[in-house]
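Below, each chain spelled out in residue letters.
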Amino acid sequence: MPEAMVAASASDSTDRSAVQQVDVAVVGAGFAGLYILHRLRKAGFSAVGLDEANDVGGTWYWNRYPGARCDIQTVDYSYTFDPDLENAWTWSEKYATQPEILRYLGFIADRYDLHRDIRFGTKVTSATWDEAAQRWLLTTSNGATISCRDYIMATGCLSAPKPPEIDGVKDFGGEILFTGRWPHHDVDLRGKRVGVIGTGSSGIQAIPKIAEQAAHLTVFQRTPNFAMPAHNGPRTTDRVAQFEADRAAFREQARWSLAGVPIAQNTFYSWALSDAERRERFEKAWGEGDLVFILSQLWADQGNDVDGNTLVADLLREKVREIVKDPETAAALSPFDHPFGAKRPCLETNYYTTYNRDNVTLVNLRDEPIKAITSTGITTDRRTFDLDVIVFATGFDAMTGAIRAVHPITGRDGKSLSDVWKNGPQTYLGLTVAGFPNLFLITGPGSPSVLSNMAVSIEQHADWVVDR
Ligand code: NAP
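Residues numbered from 1 in each chain as written. Predicted model: local features only at pLDDT ≥ 70, side-chain atom pairs only at ≥ 80, totals over all residues. Heavy atoms only, no water.

Colleague: Quick rundown of the layout of surface pockets? Include the residues and the values.
Modeller: Its volume calculated, the second largest pocket comes out at about 550 Å³. Lining the second largest pocket are 30 residues, with Y65, P66, G67, A68 and K209 positioned closest to its centre. Broken down by secondary-structure element, the contributors of at least two residues to the lining of the second largest pocket are α4 (98-111), α5 (201-213) and β11 (346-348). Of the residues assigned to the lining of the second largest pocket, the class counts are 14 nonpolar, ten polar and six charged. (1 Å grid on protein atoms, 1.4 Å probe; cavity = no way out; pocket = protein on both sides within 12 Å on 5 of 7 lines; lining within 4 Å. Points joined across faces, edges and corners; volume = space filled by probe spheres on them. Helix = DSSP H or I, 4+ residues; strand = E, 2+ residues; numbered from the N terminus. Nonpolar A, V, L, I, M, F, W, Y, C, P; charged D, E, K, R; others polar.)

Colleague: Before we move on, can you summarise the sheet that holds strand β13 (residues 370-373) with the specific residues and values?
Modeller: Adjacent strands of a sheet form backbone hydrogen bonds with each other and so pair up, either parallel or antiparallel. Here three strands make up an open sheet; going across it, the order is β13-β14-β15 and the pairing antiparallel. Whereas interior strands pair on both sides, the edge strands pair on one side only; in this sheet they are β13 and β15 (384-386). Between one strand axis and the next, the sheet turns by 20° as a mean value, whatever way the strands run. Taken together, the three bridges between strand β14 (residues 377-380) and β15 define a ladder with antiparallel strand orientation. Bridge pairing links T379 to T384 in β15. (Pairing = 2+ DSSP bridges. Axes fitted to C-alpha atoms, helices over the stretch in contact; angles between N-to-C directions.)

Colleague: Which residues make up the site of the ligand, and what values go with them?
Modeller: Every one of the 23 residues lining the ligand counts as a neighbour, but R69, S202, Q205, R222 and T223 are closest to it. At 2.6 Å, a side-chain N or O of S202 approaches an oxygen atom of the ligand. Burial of the ligand by the protein amounts to 81% of the accessible area it has alone, namely 910 Å². With three residues, α5 is the single largest residue contributor to the shell around the ligand. Residue classes in the shell around the ligand are distributed as seven nonpolar, nine polar and seven charged. (Near = heavy atom within 4 Å. Polar contact = N/O pair within 3.5 Å; in protein donor to acceptor, adjacent residues only side chain to side chain. Areas by Shrake-Rupley, 256 points an atom, 1.4 Å probe, with all protein chains shown as cover.)

Colleague: How would you explain the pattern of salt bridges if you had to name every residue and give the values?
Modeller: For the structure shown, the criterion picks out 24 salt bridges. Here D82 and R111 are joined by a salt bridge, their closest N and O atoms 3.4 Å apart. Separated by 29 residues along the polypeptide, D82 in the loop between α2 (59-62) and α3 (83-88) and R111 in helix α4 bring together distant segments of the chain. Note on D82: relative accessible area 15%, which makes it buried. In this structure, the salt-bridge partner of R412 is E131, at a minimum N-O distance of 2.9 Å. Highlighted residues: R412 in the loop between β17 (409-410) and α14 (417-420) and E131 in the loop between β4 (124-130) and β5 (135-140), separated in sequence by 281 residues. Residues participating in the shared-partner salt-bridge network are R39, D463 and D467. (Salt bridge = Lys/Arg side-chain N within 4 Å of Asp/Glu carboxyl O. Buried < 20%, exposed > 50% of the residue type's maximum accessible area, 1.4 Å probe, protein only.)

Colleague: Requested: an account of the packing of helix α1 (residues 31-42) against helix α15 (residues 454-467), with residues and values cited.
Modeller: Where α1 contacts α15, the axes come no closer than 9 Å and their chain directions differ by 35°. Viewed along their axes, α1 and α15 form a crossing whose handedness is right-handed. On α15, the residues touching F31, A32, Y35, I36, R39 and L40 of α1 are A455, I458, E459, A462, D463, V466 and D467. The residue makeup of the contact of α1 with α15, split by class, is nine nonpolar, no polar and four charged. (Left-handed = near helix turned anticlockwise from the far one by under 90°. Contact = heavy atoms within 4.5 Å.)

Colleague: With reference to specific residues and values, describe the nonpolar core.
Modeller: In terms of nonpolar packing, the biggest core is built from 49 residues, with F31, L34, Y77, Y79, I101 and Y104 touching the most fellow members. Among the elements of the structure, β1 (20-27), α1, α2, α4 and α15 are those that each provide at least two residues to this core. With seven residues, α1 is the largest single contributor of residues to this core. Excluding anything up to four places from it in sequence, Y79 contacts G30, F31, L34, Y35, L85, E86, Y104, L105, I108, R251 and E459. Within the second largest apolar cluster, 31 residues are counted, among which are L177, A330, Y351 and V360. (Core = buried A, V, L, I, M, F, W, Y, C linked by side-chain atoms within 4.5 Å.)

Colleague: Explain the packing of helix α6 (residues 238-245) against helix α7 (residues 247-256) to me, using residue names and the numbers behind them.
Modeller: Where α6 contacts α7, the axes come no closer than 5 Å and their chain directions differ by 110°. Considering their axes alone, α6 and α7 lie roughly perpendicular with respect to each other. Mapping the contact onto sequence places R239, Q242, F243, E244 and A245 in α6 and R247, F250 and R251 in α7. Tallied by class, the residues present in the contact of α6 with α7 amount to three nonpolar, one polar and four charged. (Parallel < 35°, antiparallel > 145°, perpendicular 65-115°, else oblique.)

Colleague: Tell me about the confidence of the model for the protein, and please be specific about residues and values.
Modeller: Counting all residues, the mean pLDDT for the protein is 93, and 96% of those residues have values of 70 or more. Here residues 1-14 is a poorly scored stretch, pLDDT under 50, and it has 33 contacts once near neighbours within four places are set aside; other chains count. (pLDDT = per-residue confidence, 0-100.)

Colleague: Can you lay out α15 for me, pointing to particular residues and giving the numbers?
Modeller: For α15, spanning 14 residues, the distance from its first C-alpha to its last is 19 Å, which sits close to the expected 20 Å at 1.5 Å a residue. Of all 14 residues in α15, ten are buried, a share of seventy percent or more. For α15, the set of buried residues is M454, A455, V456, S457, I458, E459, H461, A462, V465 and V466. Looking at the buried positions of α15, the neighbouring elements they touch are α1, β6 (146-153), α7 and β18 (439-441). (Expected span 1.5 Å × (residues − 1).)

Colleague: Describe the packing of aromatic side chains, listing the residues and the values that go with them.
Modeller: Under the definition given, this model contains 25 aromatic pairs. Here the aromatic rings of F31 and Y79 are separated by 4.8 Å at their centres, their planes lie at 40°, and the arrangement is tilted. Here F31 is found in helix α1, whereas its partner Y79 is found in the loop between α2 and α3, with 48 residues between them in sequence. Side by side, F31 and Y79 carry an identical accessibility label, which is buried. (Phe/Tyr/Trp six-rings, centres within 6.5 Å; stacked < 30°, edge-to-face > 60°.)

Colleague: An account of the sheet that holds strand β16 (residues 389-392) is requested, with residue identities and associated values reported.
Modeller: If you walk across this open sheet you meet the five strands as β7-β16-β8-β9-β12, and the pairing is parallel. Each edge of the open sheet is held by one strand with a lone partner, namely β7 (175-178) and β12 (360-364). Each strand axis lies, on average, 20° off the axis of its neighbour in the sheet, ignoring direction. Alignment of β7 against β16, held across four bridges, turns out to be parallel. Bridge pairing in β16 links I176 to I390.

If you want it as structure tokens, here you go:
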């Protein structure tokens, strides 16, 4: 049962030096934080949301690099908790762009009146469990200290950008940009010599857009990833038709499915299909541009048998050779070190064709590693590249970064979460950690998290935390 509400919301707090007493503090105002605040309020709890950003959005607030989109079809990447919401919002595209997803989250915050409970521009600087009071005490960079019974980290799995690991970054005289912290103003790359480091999902989305603007783009690639065309476009797809046919059943199937996306069990095995049949299935999947489909629906042994997997990987590598004109570049872009699906594959729009442009160069760091960043650009052990802008698409301090690197979390007996996790994170189902009472992680390490459709996994975790 909710406690007596001493201070109902952040905006009610007039005396900023007083301790703000709430039932629950929630860090993060993205997909997870917004839903939890809504659920908590409906359940009668007092809660405060805290976010370093100046508005809602979470990952979609920060990742505003050119080309940013989700890679789960938007009909699946949506809140499901309110059937009326599904009537009130219609996505315009199959894979929504970052601005549209950010608008959606703003719409959610307005619709459920969530802004008033969130302190924006606020970092938690420490969180300490008080055993005697059975409460968490949070200090923050902005406003009153908070005392709460439950502390929820809705901080996302990929929120803390990985700091550059390359010598000389601070010497660079040009502009440095991070895909995960892209500026909120327009970035004009016209006429500039741009270098992009990193070819994961973010790099693969940003590179074609940057190439359209830059005078010259040099891509520094350490490891090629599998990527397939997104075929972006209007939202009218088979999946939307499936959803519209029976919305409640579609959402229920998503909740019970392996990855949070309702999809049929595949019963075709590669060895039972002829070469022509396999190729036909592959070409159909390539033409549809559905990541979940191509990951699971070609043949049943693609994800658990090396021979079944190699058949898919070979077809994907063949596509790269077909599209990319320069054979050396095509070879460098062909994944070699992991089975298809062992790392999350990427969805691309004009990614491979970008390497056919005259103003784009691929540097294969496996052949010529980066030695240093200098005042004028990037030096490999073979060449020097003069650059005006360097874009780091080098990823995140994944899974634990936003939980433990941001602020010290001290649990029972004065133990810090960083110490407890020094040999790797240990959790109960990715939700709780022994010795840290009433601390809850949403899609934390050990849960399906980024291996699933986050929208569905987030609702499942949030419901468990609020309903327990
Ligand atoms: P990422 O997948 O971790 O990719 C980082 C890239 O930077 C890799 O190519 C990595 O190479 C390279 N890199 C890192 N450090 C480097 C260094 N010191 N020198 C040279 N290269 C370096 O990060 P991301 O692209 O930001 O994507 C992270 C995750 O976010 C994705 O898996 C996905 O779950 C999510 N995401 C989703 C979407 C979407 O929904 N469409 C979009 C963007 C991101 P190595 O592989 O060799 O380490």
